[in-house]
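Structure at a glance
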Amino acid sequence: RMGRKFFVGGNWKCNGTIEEVKKIISILNAGEVPSSDVVEVVLSPPFVFLPLVKSELRPDFHVAAQNCWVKKGGAYTGEISAEMLVNLDIPWVIIGHSERRALLGETNEFVGEKVAYALSKGLKVIACVGETLEQREAGSTMEVVAAQTKAIADKISDWSNVVIAYEPVWAIGTGKVATPAQAQEVHAALRGWLSSNVSAEVAESTRILYGGSVNGANSKELAAQPDVDGFLVGGASLKPEFIDIIKAAT
Ligand code: G3P
């Protein structure tokens, strides 16, 4: 992977209680994993648990919010601003997850604006892209992923604090993981898109994660693909097997 440090994100989505959070943190804290020189691990609990997770989590793992507001905070009831995340020393944020695109109507343009705003405040961004089953079956996977990525590329110039998560919607929470070949095909095409439309340097250095039904058993083979630079894990990130997924880095 030529200098692209393996990255494993755990997206807890809208799950957990204080008791459950404490339990999974103590399991993860005890897990033996490769050093942070080899793998970057970032956990993304719901907003309300961020301070708890941040204070209890081992120092070699980091935290991410699952969303933030698109501009400076103010009269936006129910939103959490990028400034607040910075104030709480939360280094990462997930932007444009397919659940927010599908359920909350986030458009490509809105996602691009959010990524740009979060970066401008000093946050690091996990930007999500991916096609639906219908789009894949229509043969438009790369067209969809390129349009989602272009909306981000149109708004930013510095990619050094961005990782892209390719999450095919049909693989999310379904147990229907993409085959290593399917993941590699899209990751390579996406890297090619970055090379042609942003720069060769950005294409080489930007990490592209795979997400969608990753588990302890399938992570090793996916990680062996040359353009798979890590994972964004949902369900399995709430279980002890998350440790096995982190170990797939080596
Ligand atoms: O963001 C990660 C996610 O959407 C994948 O979820 O449960 O299929 O691993 P899951």
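Please read these numbers as outputs of a predicted model, since none were measured by experiment.

Among the nonpolar cores identified, the biggest contains 68 residues, and Val93, Val115, Trp159, Tyr210, Phe231, Phe242 and Ile246 are the most heavily contacted of them. Not counting chain neighbours up to four residues away, the residues in contact with valine 115 comprise Ile95, Val125, Ala127, Ile152 and Ile156. If you look at the next biggest cluster of nonpolar residues, it comprises eleven residues, including Val42, Ala64, Ile94 and Ile126.

Bringing the side chain of aspartate 229 into the picture now. Looking at the element boundaries, aspartate 229 is found in the loop between helix 10 (219-223) and strand 8 (230-233). Given a relative accessible area of 0%, aspartate 229 falls into the buried group. There is a polar contact of 3.0 Å between the side chain of aspartate 229 and the side chain of arginine 4. Setting aside its immediate chain neighbours within four residues, aspartate 229 contacts Arg1, Arg4, Lys5, Phe6, Phe7, Arg191, Thr206, Arg207, Ile208 and Leu209.

Throughout the structure, instances matching the rule amount to zero disulfides. Looking at cysteine 14, it has no disulfide partner, and the nearest cysteine sulfur is the one in cysteine 128, 16 Å off. Of all cysteine sulfurs, the one in cysteine 128 lies closest to cysteine 68, which takes part in no disulfide; the gap is 13 Å. Its relative accessible area of 0% is what places cysteine 68 among the buried residues.

A few words on the site of the ligand. If you check the shell around the ligand, you find 13 residues, and the closest are His97, Glu167, Gly173, Ser213 and Gly235. Separating an oxygen atom of the ligand from a side-chain N or O atom of asparagine 11 is a distance of 3.0 Å. The backbone of glycine 234 places a nitrogen or oxygen atom 2.8 Å from an oxygen atom of the ligand. In isolation the ligand exposes 310 Å². Once the protein is present, 95% of that is buried.

The next point concerns unusual backbone geometry. Located in the positive-phi region is lysine 13, a residue other than glycine, with phi close to 50 degrees. Its location among the elements puts lysine 13 in the loop between strand 1 (6-11) and helix 1 (18-30). Looking at lysine 13, the relative accessible area reads 19%, which means it is buried. At aspartate 89, a residue that is not glycine, the phi angle is positive and equals roughly 65 degrees.

Our next topic: helix 5 (residues 108-120). Owing to its 3.6 residues per turn, the α-helix aligns residues three or four sequence positions apart on the same side. A rise of 1.5 Å per residue sets the reference length of helix 5, with its 13 residues, at 18 Å; its end C-alpha atoms lie 18 Å apart and thus fit the reference within 8%. Taken together, the buried positions of helix 5 are Val111, Gly112, Lys114, Val115, Ala116, Tyr117, Ala118 and Leu119. Check the buried side of helix 5 and you find it contacts helix 3 (82-87), strand 4 (92-95), helix 4 (98-104), strand 5 (124-129), helix 7 (141-153) and strand 6 (162-166). Glycine 122, located one to two residues past helix 5, shows a positive phi value of around 100 degrees.

It is worth spelling out the confidence of the model for the chain at this point. In the predicted model, the chain carries a mean pLDDT of 98, and 100% of its residues have values of at least 70. Reported confidences for the modelled complex are a pTM of 0.98 and an ipTM of 0.98.

With that out of the way, let us pick up the pairing of strand 6. In the case of a regular strand, side chains alternate between the two sheet surfaces. Most of strand 6 sits inside the fold, with five of its five residues counted as buried. Where strand 5 meets strand 6, five bridges bridge the pair, whose relative direction is parallel. Bridge pairing links alanine 127 to isoleucine 164 in strand 6. Alignment of strand 6 against strand 7 (residues 208-211), held across three bridges, turns out to be parallel. Following the sheet pairing, tyrosine 166 is matched in strand 7 by tyrosine 210.

Rules used in this analysis
- Residues numbered from 1 in each chain as written.
- Predicted model: local features only at pLDDT ≥ 70, side-chain atom pairs only at ≥ 80, totals over all residues.
- Heavy atoms only, no water.
- Core = buried A, V, L, I, M, F, W, Y, C linked by side-chain atoms within 4.5 Å.
- Buried < 20%, exposed > 50% of the residue type's maximum accessible area, 1.4 Å probe, protein only.
- Contact = heavy atoms within 4.5 Å.
- Helix = DSSP H or I, 4+ residues; strand = E, 2+ residues; numbered from the N terminus.
- Polar contact = N/O pair within 3.5 Å; in protein donor to acceptor, adjacent residues only side chain to side chain.
- Disulfide = S-S within 2.5 Å.
- Near = heavy atom within 4 Å.
- Areas by Shrake-Rupley, 256 points an atom, 1.4 Å probe, with all protein chains shown as cover.
- Expected span 1.5 Å × (residues − 1).
- pLDDT = per-residue confidence, 0-100.
- Pairing = 2+ DSSP bridges.

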